[in-house]
Structure formats: structure tokens, C-alpha cells
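Chain by chain, the residues:
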2 protein chains.
Amino acid sequence: MVDKPFKRPIGIFDSGVGGLTVLKEVERLLPFEDIVYFGDTARVPYGNKSKSAIIRFSTESALFLLKKKVKMVVVACNTSSSLALEHLRRVLTVPVIGVITAGVNKALSLKSQNRIGIIGTRATIASGSYEREIHRHDKKIKIYAQPCPLFAPLVEEGHLKGKVVDEIVDMYLKNFKKNHVDTVILACTHYPLLKSEISKYLKDSEIVDSAKEVAHYAEKLLKDKKLLNNQRKRGRKTFYVSDEPAAFVKLAKLFLKRRITKPKIVNV
Amino acid sequence: MVDKPFKRPIGIFDSGVGGLTVLKEVERLLPFEDIVYFGDTARVPYGNKSKSAIIRFSTESALFLLKKKVKMVVVACNTSSSLALEHLRRVLTVPVIGVITAGVNKALSLKSQNRIGIIGTRATIASGSYEREIHRHDKKIKIYAQPCPLFAPLVEEGHLKGKVVDEIVDMYLKNFKKNHVDTVILACTHYPLLKSEISKYLKDSEIVDSAKEVAHYAEKLLKDKKLLNNQRKRGRKTFYVSDEPAAFVKLAKLFLKRRITKPKIVNV
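Residues numbered from 1 in each chain as written. Chains lettered and ligands numbered in written order. Predicted model: local features only at pLDDT ≥ 70, side-chain atom pairs only at ≥ 80, totals over all residues. Heavy atoms only, no water.

Enquirer: So what exactly am I meant to see when it comes to the relation of the copies chain A and chain B here?
Expert: Two copies of one chain are present, and they are related through a rotation about an axis combined with an axial shift. Between chain A and chain B, which share one sequence, the superposing operator has a rotation angle of 180° and an axial displacement of 0.0 Å; the RMSD is 0.0 Å. What the superposition gives is, in effect, a two-fold axis relating one chain to the other. If distances are taken from each C-alpha of chain A to the rotation axis, the shortest is found for R43(A), at 2.4 Å. Counting the interface residues of chain A, we find that 100% of their copies in chain B are interface residues as well, pointing to one common contact surface. (Least-squares fit on C-alpha atoms with pLDDT ≥ 70 in both. Contact = heavy atoms within 4.5 Å.)

Dropping the structure here:
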């Protein structure tokens, strides 16, 4: 059915619904691309699981996308990008991009970046993936890394502001405030939904949203490899999940601010 | 190896570490019983997943216990008890008990029980399992059911008191306070660890901990079926998990206030 590689869809996967922040940016920048999205909602979250579980789940998710004949795989999940990207690059036959390099390069392009704060899941922060990538460019940058394991549940519950959010933001970010962190990388796909509260609390910090940056990376890579779709109609978006889609559809409205076509359930 | 059914271990399973509150009560009441515990840490939590996923995961967990030749299965997880108990009773060849009947009977035995509050995961509350069981006994009791999806993440993060806990307790329980709920059932294995904060907030309510009650049920059932172990030495506890055990072992200390023998990893 698919004859030319550039006509194939882009594959995006995430542990659940969070990766829709990446999908949103990719479809904004590349409106003519077809996209296949997979959310592993039966096993969500990945962020407090072990490296071996994260590698296994990520590989199964990516292999599902390959069966859908994608031309590239975007690992929207920061936890998977931190712990499974190398493994995925070894085993997959298409280009694979994660969110870390994109987020780090954006942070390094900003004026102030003497003190970079990184917030993410326990697994992402424990992996040290962002520190390594930053220090590969500049060893002198001071890094503050803070796991924020309650942020994703807050977002999934639709708590985007209010007293509970204020207290949790204060608990996690007071150390950044105290240390005058100038740049904060949102190293989890859920966190863009808390961006305005984080900005309000850390008034003097620039906030980097990896989701936005990775879309630019995807565009550049497809251009370089001559894989951009030349169709002139809006690309088709297809959604797959590993658990019943009701909760996913509801949350998708929060993340995308629009309705999505009904996801199909698959066992990976 | 195992010759007599009464010498077999009791099986307990939960979506993760929360069921250790049940194990603690069972070992306190039945110190001579061997126990095999399984925590499905690779797929935790169950509480915001679909009924079909919960039934599938619960069945796989219970079948794993059967392979370990248990003489009964205790479904420690309230979400599994709410959604999968009937299915488990149909497919398993040993007695199966859940936490709901035990908790409800205890609540109904208390003096005041005109207004019962139930707190649990989204899936437990949405199932209506506790309401049905209460109304089977007494249709006139007024029930207030409140999902508290942030309580389990709080406990797993070790946040058992403080400002964040206060705000979340207030958010979830102010309706109980306003309506003078007299009895509150903790319909999730994590919540006993927040019991003192919940009691402090709802000064006039009695708090029912299902974990305690289910241990009495297990004892009664084993006695009735002549399956109590007559060995006079402390029973052996064996732990299995579906993800790397490091996080489980750490949390087990919080739940049991002691160290446990190293869990083995299994794929279910």
C-alpha cells in the first residue's frame, strides 16, 4: 500500500497521554505528515519503574510502530528517551529521535545558562541523561536536578492550578529559587501543562519545553533524509493505546485542546 | 513437596506494595502461616485503568500464586477486589477473599453509620462495589463516595504529613466534613498510612481500615475449612514482584516497618 518511504507516517510513542504535547508540536510544524501515535496506557507510568522494565516497554512500543510502517520513531517520553534511546537505536531500522538532545540544545542557545535546572520523573533524573548531554557541551554549567513525581499525577487529574499545585510547586522548586536557577528544562511531557504555574513561581527563569524543540529536530531530520511528505493535504492522525481508550480520549482534550479520532486498543 | 493442603502458604497479591498493609495484619493474626506475596510492580497502579485491564492483570497475578501452590488467595488490592473478584472466584480452584466485604461488615458493626464515606482509587469508586455491598445490608444508609487518586502517589513518595498532604486531604475530604460523615472506609491499601492525618481532619468520624478486617476473614475461612497451619514456628514470607525489586524493598520498609527478604522478579 505504501509505495514511497517519504509517504509513510511518523511514529510517536509515549507511556501514555503525555506524548500528545509532542504530537501537538509536530503537527503544528509538519501539518502534511501522517502520524501514528501509540500510548502504553496499560503500563503507564514508566517514570518510577526500573531501567530494564523501561527498556522492555519502550522496545515493544517502538516495534509496534514499526509494524505500522513508520519512517521514523519519535520517543516522546522523557523517561524512555533517558533510559532506552541507545537500545532503540541499536534495534530499530528507522531513524529514532528522543527529546533530550533537542531540549538541551535549546537550553544552551539561551542567553543565561550558568545554572540549569532539570525537572522530570524519578527514573529520568536518576539516569543523569540530561546532565551528561549538557556537560558534553560545557562542563562548567552548574546543574540542579529535581525529580517531581507528583507533577504527572497532578496533570492527569486535571489539577493545573490552585492551592494543591502551589504547595507542590513550592516543595519541588524552592531549591531552584534559592539557587537562582536561570534556565529550567521541562524533562517530562506532562510538565508543559504546568508551565504557567512554574513560570509564576520562578519569575526570573527561562523555561524550556522539550516537546517544542523535538518537533524542529524531526523536521530537520526528515528534510536531511529527503523523507518529508509532499502531499498537500492535512496529515492523518491515528491513535493506538494498550488499555481501554475512554480515559485517554478525555485527557487528550486537555492536552490537545481538541477531540481526537477514537484510538484502537492493541496488545503490545 | 507439599503434602497436606493446610501446610500450603496463603497467597496475597496487590498491584504493588500497598498490599503489604494486608500482609502485615495477616502475619500479626496468623503468625504460623507461610505467605507468598506478589506485587505487580511493572504495571502498577491499577486504580486508574480500565475494568478489562484490571481483570486481566488480576487474573495473571492470581494464577501466578496458584503456581506457588497457595491454599487461598487474598486479593489485597481494593481495585482488583472491586472489579475482578467475581471473575477470580469463577476461574480459581482455591478460596478467594477480597477486602470489600470485610471492610463493609466492620463499618456496619460500628455504632454510628448513618453516613458512610468511602475513599479509594477512581476505578474502585466508579465500580460502586462498596455501595452495593452496604446497600445489600441496609438501603437507608447514606453513602458519600470520593475518589482520591493523589493519595497513593503521596504515600509512595513518603509524604505522610505536611502542607502538601494537608491541602490534598482538604481537597478530597471537605465534602465529608460538610456532610458530617460519621464512618469512613479506607478503600485502598495505601490509605492506612495517611490514617492519622485523615482522623485529624475528620475528628468526629470513625475510620475503618479494610486491611485489618480482611485478616480476620482469612482466619475465619481457614478455620472453617480446616486449613490453618499447625506448625509452631514463625511462617515463611516469600515476595515476588514483576519489576526490579529495589523500589519495592525501600517502600516495604515504610509499609511494614521492617526489612523483608529480597523479592524475586517474575514475568506474569
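Enquirer: How should the nonpolar core be read in this particular structure?
Expert: Soluble globular proteins tend to bury their nonpolar side chains together. Core analysis: the biggest nonpolar cluster contains 141 residues, and L20(A), I119(A), F151(A), L20(B), I119(B) and F151(B) have the highest contact counts within it. F151(A) has contacts with I119(A), I168(A), V169(A), Y172(A), Y191(A), L194(A) and I198(A), leaving out every residue within four places of it along the chain. (Core = buried A, V, L, I, M, F, W, Y, C linked by side-chain atoms within 4.5 Å. Buried < 20%, exposed > 50% of the residue type's maximum accessible area, 1.4 Å probe, protein only.)

Enquirer: Can you walk me through the packing of helix α4 (residues 100-109) of chain B against helix α6 (residues 129-137) of chain B in this structure?
Expert: Any two packed helices are characterised by the angle at which their axes cross and by the distance between the axes. Residue and element names in this part refer to chain B. Contact pair α4 / α6: the axes reach a minimum separation of 10 Å and the direction vectors enclose 50°. Taken together, the axes of α4 and α6 lie oblique to each other. Crossing geometry of α4 relative to α6 is assigned as right-handed. Note on element contacts: α6 touches α4 through S129, Y130, E133, I134 and H137, opposite I100, T101, V104, N105 and L108. Considered class by class, the residues forming the contact of α4 with α6 number five nonpolar, four polar and one charged. (Axes fitted to C-alpha atoms, helices over the stretch in contact; angles between N-to-C directions. Helix = DSSP H or I, 4+ residues; strand = E, 2+ residues; numbered from the N terminus. Parallel < 35°, antiparallel > 145°, perpendicular 65-115°, else oblique. Left-handed = near helix turned anticlockwise from the far one by under 90°. Nonpolar A, V, L, I, M, F, W, Y, C, P; charged D, E, K, R; others polar.)

Enquirer: Looking at this model, I keep getting lost on the sheet that holds strand β2 (residues 35-39) of chain B. Mind explaining?
Expert: Strands in a sheet are paired, the pairing made by backbone hydrogen bonds, and the direction either parallel or antiparallel. All names here are of chain B. Overall, parallel pairing links the six strands, which are arranged β4-β3-β1-β2-β9-β10 in an open sheet. Two strands close off the open sheet at either side, each with one partner strand: β4 (96-97) and β10 (264-265). Bridge count between strand β1 (residues 10-14) and strand β3 (residues 72-75): four bridges; the pairing is parallel. Across the sheet, F13 pairs through a bridge with V75, a residue of β3. (Pairing = 2+ DSSP bridges.)

Enquirer: I keep staring at the pairing of strand β7 (residues 183-187) of chain A and nothing clicks. Help me out?
Expert: Looking along a regular strand, one sees side chains alternate from face to face of the sheet. Residues and elements named next belong to chain A. Burial within β7 is extensive, with five of its five residues counted as buried. A two-sided burial pattern is seen for β7, the buried positions comprising T183, I185 and A187 on one face and V184 and L186 on the other. Across five bridges, the pairing between strand β5 (residues 115-120) and β7 is parallel. The residue bridging G117 from the neighbouring strand is V184, located in β7. In terms of strand pairing, β7 meets strand β8 (residues 206-209) through four bridges, oriented parallel. Directly across from T183, in β8, lies its bridge partner E206. On the question of chirality, the crossover connecting β7 to the parallel β8 by way of helix α9 (residues 195-201) is right-handed. (Right-handed = clockwise from strand over helix to strand, strands pointing away.)

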